[in-house]
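The primary structure of each chain is shown beneath.
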Amino acid sequence: MERVTGIGGVFFRSARPDALRLWYAEHLGLEVEDWGGAVLTAAGGETLTWSVFDAGTDYFGPSGQQLMVNYRVADLDAMLAQLRVAGVAVDDALHESGNGRFGWATDPDGNRIELWESAPGQ
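Treat the numbers as computed from the prediction; the structure is a model and nothing was measured.

A word on the overall build of the protein. The secondary structure content of the protein amounts to two helices and eight strands. In the protein, the order of α-helices and β-strands from amino to carboxyl end is β-α-β-β-β-α-β-β-β-β. Its C-alpha atoms give the protein a radius of gyration of 15 Å, within 12% of the compact-globule value 14 Å for 122 residues. Each principal axis of the C-alpha atoms in the protein carries an extent, and together these give about 45 × 35 × 20 Å.

For the rest of this paragraph, the subject is the side chain of R72. Tracing the backbone through its elements, the reader meets R72 in strand β4 (residues 67-73). For R72, the side chain forms a polar contact with the main-chain oxygen of T47, separated by 2.5 Å.

Turning next to the pattern of salt bridges. What the rule picks out here adds up to six salt bridges. Ionic pairing is found between D77 and R101, a salt bridge with its closest N-O pair at 2.9 Å. One end of the pair, D77, is in helix α2 (residues 76-85); the other, R101, is in strand β7 (residues 100-106), and 24 residues separate them in sequence. Between D92 and R84 there is a salt bridge; the shortest N-O distance is 3.5 Å. According to the relative accessible area criterion, R84 is partly exposed, its value standing at 39%. Taken together, the shared-partner salt bridges in this structure form one network comprising D77, R101 and E117.

Tracing the chain through its elements places D107 in the loop between β7 and β8 (112-118). You can call D107 partly exposed: its relative accessible area is 27%. Put simply, D107 and V90 are 17 residues apart on the chain and 9.4 Å apart in space, counted from C-alpha to C-alpha.

Okay, the nonpolar core next. Counting residues in each nonpolar core, the largest one holds eight residues, listed as V73, L76, M79, L80, L83, V90, A105 and L115. In terms of residue count, the dominant contributor to this core is α2 (four residues). Ignoring anything within four residues of it in the chain, the contact list for L115 reads Y71, V73, L76, M79, L80, L83, R101, F102 and G103.

Here the structure, examined in full by the defined rule, presents nine aromatic pairs. Taking the centre distance of 5.0 Å and the plane angle of 55° together, the rings of Y24 and W50 count as tilted. Remark: W50 occurs in strand β3 (residues 47-54) and Y24 occurs in helix α1 (residues 17-28); sequence separation between them is 26 residues. Assessed through its relative accessible area of 8%, W50 is described here as buried. Judged by centre distance (6.0 Å) and plane angle (85°), the ring pair of Y59 and W104 falls under edge-to-face.

Parameters and conventions
Residues numbered from 1 in each chain as written. Predicted model: local features only at pLDDT ≥ 70, side-chain atom pairs only at ≥ 80, totals over all residues. Heavy atoms only, no water. Helix = DSSP H or I, 4+ residues; strand = E, 2+ residues; numbered from the N terminus. Rg over C-alpha atoms; globule rule 2.2 N^0.38 Å. Polar contact = N/O pair within 3.5 Å; in protein donor to acceptor, adjacent residues only side chain to side chain. Salt bridge = Lys/Arg side-chain N within 4 Å of Asp/Glu carboxyl O. Buried < 20%, exposed > 50% of the residue type's maximum accessible area, 1.4 Å probe, protein only. Core = buried A, V, L, I, M, F, W, Y, C linked by side-chain atoms within 4.5 Å. Contact = heavy atoms within 4.5 Å. Phe/Tyr/Trp six-rings, centres within 6.5 Å; stacked < 30°, edge-to-face > 60°.

What follows is the structure, encoded as structure tokens:
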């Protein structure tokens, strides 16, 4: 059985993303990068991406949800196949970048979740 191996990121919407990023930088000390988020590194080297998206983004799917969690997986294809067999709604689109491969599914409450198979060495 495929399992989630960790949290890769936490993403949320804001009507005022620039102001909210500044608030988190000022009050929580996040080092917000030019792309609009921060990368937090655990003592063991694992990273978590934190990012504020514009309220109008379609990246979270059609549900209008405010928050999306990115879950790390070892084998994205196997995880998506397992979810499909279980009757879970899985987005057919996949995305690949220098950071790895990404896929999406929807939980029973209609929340879009992101699944991430990291690139080698990440």
